[in-house]
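# Observations on the model geometry
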Amino acid sequence: MQYQAVLFDFDYTLGDATEAIFRAYTHALTTMGHPAPERETVRRTIGMHVTDSYTQLTGDPDPDNQQRCFELFHPVARDLQAQGVVELLPGAMELLEGLHAAGVPTALVSTKNTDSLQAILRAKGLEHLFARVVGGDMVERGKPDPEGTLWALEQLGLKPEQALYCGDTTIDAKTAQAAGCHFCAVLNGTTPAEEFGGYPHVHISPDLWDLKGWLGV
């Protein structure tokens with residue numbers, strides 16, 4: 001095991017919260033007078049910040065409306081995820097337990113707010129498996145800016161080159177590149193393998209079982 005820590009994105013890397021996110025966007029957008037979004041259209045925005053997803057879904061770049069969408073979206077998504085409307089992806093628990101047993105610390109670095117991430121970890125019994133949790137509300141600049149990743153590594157007492165960052169989007173690939181971490185793409189989301197070709201990466205995992213085997217845990 002060559003890495004002294006493994007950092008993860010959450011959505012479509014470790015878990016699938018599509019239903020909660022879709023219902024939250026439906027609530028936010030219809031409350032604002034927009035048509036209800038299509039589920040697949042919402043899926044393609046997962047991994048983006050809510051304000052950017054709002055513009056992607058509606059074509060409206062107004063900052064006030066972006067913020068209003070976030071204010072309507074967040075409590076619904078958070079509460080649904082706290083109630084368990086999220087599924088761990090196959091192999092996620094085994095991968096995290098394997099890293100924990102090997103003494104390799106892990107961290108979450110996500111655009112989700114920290115309270116949403118912590119609610120998911122409590123609901124799924126994962127709190128003890130993460131040394132650090134960094135939500136989008138904890139940083140001034142979200143991914144692909146490396147602020148959150150670098151903060152997590154600083155808290156772990158590690159240099160970027162000692163860590164692996166795993167994610168399912170090119171946003172994650174850009175984040176790892178900017179931070180100076182090694183990167184592994186995980187193909188659980190909507191981004192195909194070929195889109196990672198332009199970014200530095202050490203491995204592309206079709207699923208978490210492959211990632212667990214590749215890491216040797």
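So, a few notes on the structure that sits alongside this text.

Criteria and thresholds
Residues numbered from 1 in each chain as written. Predicted model: local features only at pLDDT ≥ 70, side-chain atom pairs only at ≥ 80, totals over all residues. Heavy atoms only, no water. Pairing = 2+ DSSP bridges. Helix = DSSP H or I, 4+ residues; strand = E, 2+ residues; numbered from the N terminus. Axes fitted to C-alpha atoms, helices over the stretch in contact; angles between N-to-C directions. Contact = heavy atoms within 4.5 Å. Parallel < 35°, antiparallel > 145°, perpendicular 65-115°, else oblique. Left-handed = near helix turned anticlockwise from the far one by under 90°. Nonpolar A, V, L, I, M, F, W, Y, C, P; charged D, E, K, R; others polar. Expected span 1.5 Å × (residues − 1). Buried < 20%, exposed > 50% of the residue type's maximum accessible area, 1.4 Å probe, protein only. Arc of directions from axis to C-beta.

## Things to note about the sheet that holds strand E1 (residues 5-8)
With respect to topology, six strands assemble into an open sheet ordered E5-E4-E1-E6-E7-E8, the strand pairing being parallel. Every other strand in the sheet has two partners, leaving strand E5 (132-134) and strand E8 (203-205) as the edge strands with one partner each. On average, adjacent strands in this sheet sit at an angle of 20° to one another, irrespective of strand direction. In this structure, strand E4 (residues 106-109) lies alongside E5, joined through three bridges in parallel fashion. In the sheet register, alanine 107 faces E5, and the bridge partner there is arginine 132. Contacts between helix H8 (residues 170-179) and the sheet are confined to strand E6 (163-167) and strand E7 (182-186), with E7 contributing the most and set at about 170° to the helix. Docked against the sheet, helix H9 (residues 208-215) engages E1, E6, E7 and E8, running at close to 140° with respect to E8.

## Some details on the packing of helix H4 (residues 63-82) against helix H6 (residues 114-124)
As a packed pair, H4 and H6 sit with axes 8 Å apart at the nearest point and diverge in direction by 15°. With respect to their mutual orientation, H4 and H6 come out roughly parallel. H4 and H6 meet at a crossing whose hand is left-handed. Each of His74, Arg78, Gln81 and Ala82 in H4 lies in contact with H6, whose residues at this interface are Asp115, Ser116, Ala119, Ile120 and Ala123. Its residues assigned to classes, the contact of H4 with H6 comprises four nonpolar, three polar and two charged.

## Comments concerning helix H1 (residues 18-31)
With 14 residues, H1 should cover 20 Å at 1.5 Å per step; its first-to-last C-alpha distance of 20 Å lies within 8% of that length. In this fold, the buried residues of H1 make contact with strand E2 (15-16), helix H2 (39-43), helix H3 (50-58) and H4. One or two positions beyond H1, positive phi appears at glycine 33, with a value near 95°.

## Remarks on helix H7 (residues 147-156)
Buried residues of H7: Gly148, Thr149, Ala152 and Leu153, and no others. Across the axial projection of H7, the buried residues extend over an arc of 135°, all falling on one side. Tucked into the core, H7 has its buried residues touching E1, E4, E5, E6 and H8. At the C-terminal side of H7, glycine 157 shows a positive phi close to 75°.

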